[in-house]
Amino acid sequence: MSALAQPPHPRRQAAIDHLEALIGFDTTSAYSNRALIDHMQAYFAQLGMETVVLFDETGEKANLIASAGPHDVSGIVLSGHTDVVPANPRAWRSDPFCLTQREARLYGRGTCDMKGFAACVMAAAPELLSGELTYPLYFCFSHDEEVGCLGAPAIARHLASIETPPGLAIIGEPSEMHVVNGQKGKIAMRVTVHGEGGHSSFAPQHVNAVEYAARIIAMVGERERRYEREGPFDGDFTVPHATTLATIIEGGVATNITPDHCSFVFELRSIDQNAAQADMQALIDEIESALLPSMQTLSPQARIEWQEQFSYPAMGDATETPLFKAIEPILPSRAGKVSYGSEGGVFEVVGNIPSIILGPGSIQQAHKPDEFIEIEQIDRCLAFFDDLARWTKGASV
Ligand SMILES: [Zn+2]
């Protein structure tokens, strides 16, 4: 049966109206998200929720935690990020910060990643909060997820410090409303090779930074092929092992100068919560012991500089935890594990809160021009919140 043949969910229009308001705030990670947080905080406060706003050190960015329900029971977190990746308006058919409907899709930057989820939480909130809650609910909205999960640690610390911390976080990243029970972690590393330059006709006397960067990148590539051959493997991931690759490079000055510096970025995506930092250090040690001696024979000042740009932990499998077991009867089917990042690993590692990903929309549409969410996905998310509303009041569903 076609999705359009389904009757619209009764709260569909409310969700679309909330989404229209949320898309109108340009919360590209480079800008402040305060206006959006104020908007959401006012809405949840007016529904009677307790709200806490956590600012970053600049005061320009904020996280919101809105909660309701008993304090002596472990509850459920519904979590999303408020920032979006940049949008180049020239690549879009319509204004990325003005919600536009074409056929059964809603277009706008953040529609699927992940203001669509936030709009559904807002539309469902009156129903989720009506009556007596058996389990508390925490609606959490962070800043700066897209630039390395910078806001989520403060939320996780706050939740870990309350009387009875939550027992499960549902991260509403786009998963087409299937349960995702694992996610890779990531370390992004900037490497700067400091060599020694001069007129390129004297090349043998110099430490060519571009050439050494190329050798390091080749070793990063060899590490990748070793992961492919030797694992460790987890068949629940589409790419069932860790991956590593160089993504950005810059270096050199002119065609007749031996370059004295070259800088590049590479990433390591891990399937193991704990192994990533150790793997990264082993790779650094291997590269330095292979290349530094020959670099420093020519120039004692030559060196390789390593700067971690950001990292977030992998999200482990929460499916054996008590609250997951308790809520499992109302959860949609599982989709396995994903290689993209989310705040789930941060909730687990920083807040000790088991996490899953479950949200409307497809990751295929994220981070692209003409990002959209299918209206049918909004309906499915709202239908799940109907079940959650009954479940949090202790009713059988
Ligand atoms: Zn996202």
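Residues numbered from 1 in each chain as written. Predicted model: local features only at pLDDT ≥ 70, side-chain atom pairs only at ≥ 80, totals over all residues. Heavy atoms only, no water.

A. Representation of the overall build of the protein chain. Of regular secondary structure, the protein chain possesses nine helices and 17 strands. A compact globule built from 397 residues would reach a C-alpha radius of gyration of about 21 Å, and the protein chain, at 24 Å, matches this within 12%. Principal-axis analysis of the C-alpha atoms gives the protein chain an extent of 80 × 45 × 45 Å. For the protein chain, with 397 residues in total, the buried portion stands at 53%. Intrachain contacts of the protein chain at a sequence separation of at least 6 include 79% that bridge at least 24 residues. When the accessible surface of the protein chain is split by element, carbon and sulfur atoms take 52% of a total near 16,900 Å². In the protein chain, 28 side chains carry a positive charge and 51 a negative one; their mean positions are 4 Å apart. (Helix = DSSP H or I, 4+ residues; strand = E, 2+ residues; numbered from the N terminus. Rg over C-alpha atoms; globule rule 2.2 N^0.38 Å. Buried < 20%, exposed > 50% of the residue type's maximum accessible area, 1.4 Å probe, protein only. Contact = heavy atoms within 4.5 Å. Areas by Shrake-Rupley, 256 points an atom, 1.4 Å probe, with all protein chains shown as cover. Lys, Arg positive; Asp, Glu negative; His and termini not counted. Charge placed at Lys NZ, Arg CZ, Asp CG, Glu CD.)

B. Representation of empty space enclosed by the protein. All told, the structure shown has one cavity of 30 Å³ or more when counted by the stated rule. Approximately 30 Å³ is the volume attributed to the largest cavity. Forming the walls of the largest cavity are Leu22, Leu36, Met40, His81, Thr82, Lys115, Ala118 and Phe141. Broken down by secondary-structure element, the contributors of at least two residues to the lining of the largest cavity are α2 (34-46) and α3 (111-129). Residues belonging to the lining of the largest cavity are distributed by class as follows: five nonpolar, two polar and one charged. (1 Å grid on protein atoms, 1.4 Å probe; cavity = no way out; pocket = protein on both sides within 12 Å on 5 of 7 lines; lining within 4 Å. Points joined across faces, edges and corners; volume = space filled by probe spheres on them. Nonpolar A, V, L, I, M, F, W, Y, C, P; charged D, E, K, R; others polar.)

C. Representation of the coordination of the zinc ion in the model. Here the zinc ion is held by the protein donor atoms His81 (NE2), Asp113 (OD), Glu173 (OE) and Glu173 (OE), which lie 1.8 to 2.5 Å from it. Around the zinc ion sit four donor atoms, and with donor-metal-donor angles ranging over 54 to 141° the site reads as irregular. The motif formed by the donor residues of the zinc ion, counted along the single chain, is H-x31-D-x59-E. With aspartate 113 in helix α3 and glutamate 173 in the loop between β7 (168-171) and β8 (179-183), this pair connects stretches of sequence that are 60 residues apart. Exposure class is identical for aspartate 113 and glutamate 173. Each is buried. (Donors = N, O, S within 2.8 Å, 3.2 Å for Na, K, Ca; no water. Tetrahedral: all angles 85-135°; square planar, octahedral: opposite > 155°, others 65-115°.)

D. Here's a closer look at helix α1 (residues 12-24). Given a rise of 1.5 Å per residue, 13 residues ought to cover 18 Å, and the 18 Å separating the end C-alpha atoms of α1 matches this to within 8%. What α1 keeps buried is the set Ala15, Ile16, His18, Leu19, Leu22 and Ile23. Across the axial projection of α1, the buried residues extend over an arc of 165°, all falling on one side. Contact partners of the buried residues in α1: α2, β5 (105-107), α3, β17 (372-374) and α9 (375-391). (Expected span 1.5 Å × (residues − 1). Arc of directions from axis to C-beta.)

E. Just the packing of aromatic side chains, in detail. With the rule as written, the count across this model stands at nine aromatic pairs. On the basis of an interplanar angle of 10° and a centroid distance of 4.3 Å, the ring pair of tyrosine 135 and tryptophan 391 is categorised as stacked. On the criterion of sequence distance, the pair formed by tyrosine 135 in the loop between α3 and β6 (137-142) and tryptophan 391 in helix α9 is long-range, its members being 256 residues apart. The structure contains a cluster of three or more aromatic residues connected by ring pairs, namely Tyr43, Phe44, Phe139 and Phe141. (Phe/Tyr/Trp six-rings, centres within 6.5 Å; stacked < 30°, edge-to-face > 60°.)

F. Representation of the nonpolar core within the structure. Formed by 59 residues in total, the largest nonpolar core has its most connected members in Phe44, Leu78, Phe139 and Phe385. Residue contributions to this core peak at 13 residues, all from α3. With sequence-adjacent residues up to four places away left out, phenylalanine 139 is seen in contact with Phe44, Met49, Leu64, Ile65, Ala66, Leu78, Val121, Ala125 and Leu128. Judged by nonpolar contacts, the second largest core, of 28 residues, contains Val207, Tyr212, Cys262 and Leu291. (Core = buried A, V, L, I, M, F, W, Y, C linked by side-chain atoms within 4.5 Å.)

G. Broad picture of the domain arrangement of the protein chain. What the domain assignment reports for the protein chain is domain 1 (3-183 + 314-391) and domain 2 (185-312). For domain 1 versus domain 2, the separation of C-alpha centres amounts to 36 Å. Between domain 1 and domain 2 lies a buried interface of about 1,100 Å² when both sides are counted; carbon and sulfur atoms form 51% of it. Together, Ala314, Lys337 and Ser339 form the three largest contributors to the area buried by domain 1 at its contact with domain 2, with a combined 53%. Remark: the boundary between domain 1 and domain 2 carries two salt bridges. The closest approach of N and O atoms between aspartate 234 and lysine 337, which form a salt bridge, is 2.9 Å. The interface formed by domain 1 and domain 2 holds four residue pairs in polar contact (both at pLDDT 80 or more) in total. The set of elements that each furnish at least two residues to the side of domain 1 that touches domain 2 consists of β8, β15 (334-338) and α8 (344-351). Here the side of domain 1 that touches domain 2 gets three residues from one element, more than from any other, and that element is β15. Grouping the constituent residues of the side of domain 1 that touches domain 2 by class yields seven nonpolar, eight polar and two charged. (Domains from an automatic or database assignment. Buried area = accessible area lost by both parts, 1.4 Å probe. Salt bridge = Lys/Arg side-chain N within 4 Å of Asp/Glu carboxyl O. Polar contact = N/O pair within 3.5 Å; in protein donor to acceptor, adjacent residues only side chain to side chain.)

H. Representation of the layout of surface pockets within the structure. As a volume, the largest pocket reaches approximately 380 Å³. Lining the largest pocket are 18 residues, and of these Glu146, Arg269, Tyr340, Gly341 and His367 lie nearest its centre. Among the residues forming the lining of the largest pocket, the class breakdown is six nonpolar, five polar and seven charged. For the lining of the largest pocket, the domains that each give at least three residues are domain 1 (3-183 + 314-391) and domain 2 (185-312).

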